[in-house]
Amino acid sequence: MTLESIVGSAWMFGDNVDTDAIYPGKYMHILDKKNMASHAFEFLKPAFAQKVEPKDIIIGGRNFGCGSSREHAVMCLKHNGVGAIIAMSFARIFYRNAVNNGIPVLTFDIEPKDLVEVYSNIMEGDDIEMDFSRNLLETVTTGERFKINPLPDHLLEIIEAGGLIEYTKNKTIK
Amino acid sequence: MSGTIAEKALARASGNKVVEPKEVITAKVDKAMSHDATALVLKQFGSIGAGRIWDPDRAVVVLDHRVPANTVESANAHTLIRKVVQHQGIKNFYDVGEGIGHILMMEKGHVLPGELIVGTDSHSTSYGALGALGTGIGATEMAAVWATGELWLKVPETVNIIYTGSRPGTIVGKDIILYTLGKLGAEFANYKAVEYSGEVTGALAIDDRMSICNMSVEMGTKFATVPFDKVTDKFFKSNFPGALDKIDMDGLTRDPDANFDHTKEFDITDIEPQVACPPNVDDVKPVNDVAGIEFQQALLGTCTNGSLSDLEVAAKYLKGNKVHRNVRMYVVPGSRKIYLEALRAGMIEIFIEAGCVVLNPGCGPCMGAHQGLLAPGEIALSTSNRNFRGRMGSPDAKIYLASPATVAASALEGKITSPSEVTKK
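Everything numeric here is computed off the predicted structure, so don't read it as measured data. (Residues numbered from 1 in each chain as written. Chains lettered and ligands numbered in written order. Predicted model: local features only at pLDDT ≥ 70, side-chain atom pairs only at ≥ 80, totals over all residues. Heavy atoms only, no water.)

How should the overall build of chain A be read in this particular structure?
Looking only at helices and strands, chain A features 8 helices and 7 strands. In terms of C-alpha radius of gyration, chain A reaches 15 Å, essentially the compact-globule figure of 16 Å for 174 residues. Taken along its principal axes, the extent of the C-alpha atoms in chain A is 40 × 40 × 25 Å. Counting every position in chain A, which comprises 174 residues, the buried fraction comes to 57%. Relative to all contacts within chain A whose residues are 6 or more apart in sequence, the contacts with residues 24 or more apart total 69%. Carbon and sulfur atoms provide 49% of the accessible area of chain A, an area that totals close to 7100 Å². Of the charged side chains in chain A, 18 are positive and 24 negative, and the gap between their average positions amounts to 6 Å. (Helix = DSSP H or I, 4+ residues; strand = E, 2+ residues; numbered from the N terminus. Rg over C-alpha atoms; globule rule 2.2 N^0.38 Å. Buried < 20%, exposed > 50% of the residue type's maximum accessible area, 1.4 Å probe, protein only. Contact = heavy atoms within 4.5 Å. Areas by Shrake-Rupley, 256 points an atom, 1.4 Å probe, with all protein chains shown as cover. Lys, Arg positive; Asp, Glu negative; His and termini not counted. Charge placed at Lys NZ, Arg CZ, Asp CG, Glu CD.)

Take a look at the structure:
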């Protein structure tokens with residue numbers, strides 16, 4: 001089982017990016033996809049929602065997605081077409097929500113102190129490729145490579161199904 | 001046998017004799033709590049194509065996040081939720097004004113020791129105050145729980161946090177958990193279960209345990225539990241006699257040779273009241289290090305500190321005094337029951353005479369949806385659980401977190417002040 005490789009622009013974030021910064025609480029009543037998408041990183045990175053393209057890749061530091069269980073924080077990224085989120089570590093509810101929405105959430109297979117290498121080699125807007133078959137993140141122009149931890153099989157199954165809804169549907173129909 | 005409480009509870013929930021950390025299990029959920037996010041749960045539940053909820057008696061639905069409805073969209077969502085609750089036969093439904101989900105779960109007897117409880121809210125770890133395993137999940141996952149009654153879980157490693165020494169009179173559960181967050185950091189317990197022990201923990205009241213388990217999620221924990229003991233036993237015997245009759249009491253205690261990933265011990269004999277500084281929950285300082293910072297909004301309440309004892313502490317400072325003229329203070333009782341008890345005890349009168357605005361039970365200003373947002377440049381001192389940038393309104397406002405005593409004492413002074421500097425009545 002493996003996912004198809006993706007190429008997209010890098011969006012760079014730091015440590016402890018919290019769910020209020022990803023999706024402010026005042027918009028939690030919104031169910032419409034487009035409207036939800038328009039508020040992603042509204043005050044943290046105002047350009048994101050306008051400029052993000054399908055398959056773009058988010059790079060984060062430690063504890064990405066900490067805070068609330070609000071699924072809007074994942075859905076607003078999904079509805080913007082984000083192809084993968086790669087970070088040093090994730091807060092657990094955000095991580096599950098991402099898997100449940102079919103977004104690959106991956107962690108760097110590097111020592112935390114080496115995260116600085118990632119930030120010095122990838123600039124925001126750079127084209128990067130996530131190669132799932134080799135578990136490598138590669139910069140398209142300079143060919144810098146970073147090792148990524150493979151997704152556990154039980155999570156890959158959910159992501160491959162397109163998320164927990166499809167996965168549960170398949171399971172209950174079987 | 002070498003199980004921690006989390007391992008033993010997850011073994012039971014997954015129908016296994018024993019489970020090991022890192023093992024992926026499918027567990028049966030005992031209770032499922034969802035709040036205003038139920039609207040999104042329903043959308044996802046519909047997409048799965050499921051018709052009936054797996055067990056309407058195990059679902060609890062509470063409207064607490066945007067109450068009374070702050071927008072037409074919220075009102076619409078509430079209407080939809082009410083309809084579905086009726087259609088699905090969910091009896092445990094608490095409408096606008098009944099209280100905050102986490103507080104109601106415990107107040108109404110929906111939490112039993114050893115149970116596995118999921119909620120569409122990260123602070124579902126609160127249920128550990130009664131010896132249960134509570135954890136937050138997203139709306140899609142809740143839809144799957146509604147459809148199947150199950151979810152997959154990776155059995156977490158357990159961290160043992162021991163509080164020793166003797167607790168100073170001004171120090172409450174909130175100070176203890178803030179202190180712990182400051183020492184261990186926002187990522188310390190990510191993916192892990194935390195179990196609290198030690199003589200100080202054993203002597204804490206349920207309300208203090210609630211603050212601690214509630215805010216344990218701010219260090220990333222999956223579950224946070226205070227082991228069942230005589231305090232928990234008394235809570236059930238006086239509030240829900242007979243509720244423990246069918247519980248396997250052996251499952252509620254850790255085995256003598258339980259394996260812990262980490263053990264951390266804190267002597268709290270000499271700790272001061274604690275304050276978390278913006279914008280991180282783990283940037284925690286003793287109150288005297290931040291004393292003198294002026295603020296414009298004080299908030300007393302929320303799922304962390306909306307209990308009767310929290311209101312009681314604050315009332316002791318506010319009685320016969322006036323909140324500083326530069327400060328607006330909001331008081332949010334955690335539930336209708338707490339509101340009524342505070343009213344009958346004369347506390348609500350104290351708050352109103354002190355110049356506070358008493359709001360309806362609910363999540364209120366804590367998550368920045370309505371009821372008291374902050375303007376750019378403003379500062380709040382709050383008993384709530386998060387001080388992230390933009391949490392309570394403008395991204396250019398700042399939030400400090402502290403105990404009810406610190407918030408009430410400081411509100412009188414208009415600046416962050418140690419409660420020991422202000423005389424109680």
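For this particular structure, what's the right way to read the nonpolar core?
The nonpolar side chains of a soluble globular protein tend to be buried, and buried together. Counting 99 residues, the largest nonpolar core has F64(A) and L77(A) as the members making the most contacts within it. Discounting residues that sit within four places of it in the chain, L77(A) has contacts with I22(A), A40(A), F41(A), F48(A), I58(A), V82(A), I85(A), F94(A) and I103(A). In terms of nonpolar packing, the next biggest core, distinct from the first, is built from 66 residues, Y317(B), I338(B), A354(B) and C356(B) among them. (Core = buried A, V, L, I, M, F, W, Y, C linked by side-chain atoms within 4.5 Å.)

Before we go on, may I ask you to explain the pattern of salt bridges in this structure?
Charged atoms that come close allow side chains of opposite charge to pair. One pass over the structure, following the stated rule, counts 27 salt bridges over all chains. Here R134(A) makes a salt bridge to E138(A), at a shortest N to O gap of 3.6 Å. Look at R134(A) and you get partly exposed, because its relative accessible area is 44%. Assessed through its relative accessible area of 18%, E138(A) is described here as buried. Between D30(B) and R58(B) there is a salt bridge whose closest N-O contact spans 3.8 Å. (Salt bridge = Lys/Arg side-chain N within 4 Å of Asp/Glu carboxyl O.)

Looking at this model, I keep getting lost on the environment of A50(B). Mind explaining?
Within the element layout of this structure, A50(B) appears in the loop between helix 2 (38–48) and strand 3 (59–62). Setting aside residues up to four positions removed in sequence, A50(B) forms contacts with F45(B) and A147(B).

Honestly, the interface of chain B and chain A in this entry has me stumped. Any pointers?
Counting residues at the interface gives 42 residues for chain B, matched by 37 residues for chain A. For the pair chain B and chain A, the summed buried surface comes to about 3500 Å²; carbon and sulfur atoms form 58% of the total. R96(A) serves as the salt-bridge partner of E141(B), at 2.8 Å between the closest nitrogen and oxygen. Linking chain B with chain A are 20 residue pairs in polar contact (both at pLDDT 80 or more). At the level of elements, helix 2, helix 3 (72–88), strand 6 (133–136), helix 5 (139–148) and strand 7 (150–154) of chain B are the ones that each hand at least two residues to the side of chain B that touches chain A. Residues of the side of chain B that touches chain A, tallied by class, amount to 15 nonpolar, 17 polar and 10 charged. (Buried area = accessible area lost by both parts, 1.4 Å probe. Polar contact = N/O pair within 3.5 Å; in protein donor to acceptor, adjacent residues only side chain to side chain. Nonpolar A, V, L, I, M, F, W, Y, C, P; charged D, E, K, R; others polar.)

Help me understand unusual backbone geometry in this model?
Comment: phi is negative for the bulk of residues other than glycine, and the bulk of peptide bonds are trans. Residues V67(B) and P68(B) are joined by a peptide bond in cis, for which omega reads -15 degrees. Here P68(B) lies in the loop between strand 3 and helix 3. Omega for the peptide link from P278(B) to P279(B) comes to -5 degrees, which places this bond in the cis form. Among the secondary structure elements, P279(B) is positioned in the loop between strand 12 (274–276) and strand 13 (284–286). The phi angle at N16(A) is positive, at roughly 50 degrees, despite the residue not being glycine. Among the secondary structure elements, N16(A) is positioned in the loop between strand 1 (6–12) and helix 1 (19–22).

Explain the environment of K246(B) here, please?
All names here are of chain B. Mapped onto the fold, K246 is located in the loop between helix 9 (230–239) and strand 11 (262–267). Judged by its relative accessible area of 83%, K246 is exposed. Considering only alpha carbons, one finds K246 and L63, 183 residues apart in sequence, at a separation of 30 Å.

I keep staring at the packing of helix 5 (residues 92–100) of chain A against helix 7 (residues 153–161) of chain A and nothing clicks. Help me out?
Residues and elements named next belong to chain A. Two numbers describe how helix 5 lies on helix 7: the axes approach to 8 Å, and their chain directions differ by 50 degrees. Classified by the angle their axes make, helix 5 and helix 7 are oblique. Mapping the contact onto sequence places Y95, V99 and N100 in helix 5 and L155, I158 and I159 in helix 7. The class makeup of the residues in the contact of helix 5 with helix 7 is 5 nonpolar, 1 polar and no charged. (Axes fitted to C-alpha atoms, helices over the stretch in contact; angles between N-to-C directions. Parallel < 35°, antiparallel > 145°, perpendicular 65-115°, else oblique.)

It is not clear to me how the sheet that holds strand 5 (residues 116–119) of chain B should be interpreted in this structure. Could you clarify?
Paired through their backbone hydrogen bonds, the strands of a sheet run either parallel or antiparallel. Residue and element names in this part refer to chain B. With parallel pairing, the 5 strands of this open sheet are ordered in space as 4-3-2-5-6. Across the chains shown, the open sheet's two edge strands, defined by having one partner strand only, are strand 4 (93–94) and strand 6. Pairing of strand 2 (residues 31–34) with strand 5, which is carried by 3 bridges, proceeds in the parallel orientation. Among the inter-strand pairings, A32 is bridged to a residue of strand 5, identified as V118. (Pairing = 2+ DSSP bridges.)

Would you mind going over the sheet that holds strand 6 (residues 136–139) of chain A with me for this structure?
All names here are of chain A. Taken in spatial order, the 7 strands make up an open sheet running 4-3-2-1-5-6-7, and their pairing is mixed. Each end of this open sheet is capped by a strand with a single partner; those strands are strand 4 (105–107) and strand 7 (145–147). Mean inter-strand twist for the sheet, computed between neighbouring axes without regard to direction, equals 30 degrees. Alignment of strand 5 (residues 127–131) against strand 6, held across 4 bridges, turns out to be antiparallel. Within the sheet, the bridge partner assigned to D131 lies in strand 6 and is L136.

Would you mind showing me how to read the packing of aromatic side chains here?
In this description, an aromatic ring pair is defined by two values, namely the gap between the centres and the angle between the planes. Scanning all chains against the criterion turns up 18 aromatic pairs over all chains. Relative to Y95(A), the ring of F90(A) has its centre 5.7 Å away and its plane inclined at 50 degrees; by these criteria the two rings are tilted. Each member of the pair F90(A) and Y95(A) is classed as buried. Taking 6.2 Å as the distance between ring centres and 85 degrees as the angle between the ring planes, the aromatic pair formed by Y95(A) and Y191(B) counts as edge-to-face. Remark: Y191(B) occurs in the loop between helix 6 (173–184) and strand 9 (193–197) and Y95(A) occurs in helix 5; the pair is interchain, linking two chains. (Phe/Tyr/Trp six-rings, centres within 6.5 Å; stacked < 30°, edge-to-face > 60°.)

For this particular structure, what's the right way to read helix 5 of chain A?
Spacing of three or four residues puts side chains on the same side of an α-helix, whose turn is 3.6 residues. All names here are of chain A. In terms of burial, helix 5 is a largely internal element, 9 of the 9 residues being buried. All of the buried residues in helix 5 are R92, I93, F94, Y95, R96, N97, A98, V99 and N100. Looking at the residues trailing helix 5, positive phi occurs at G102, about 75 degrees.

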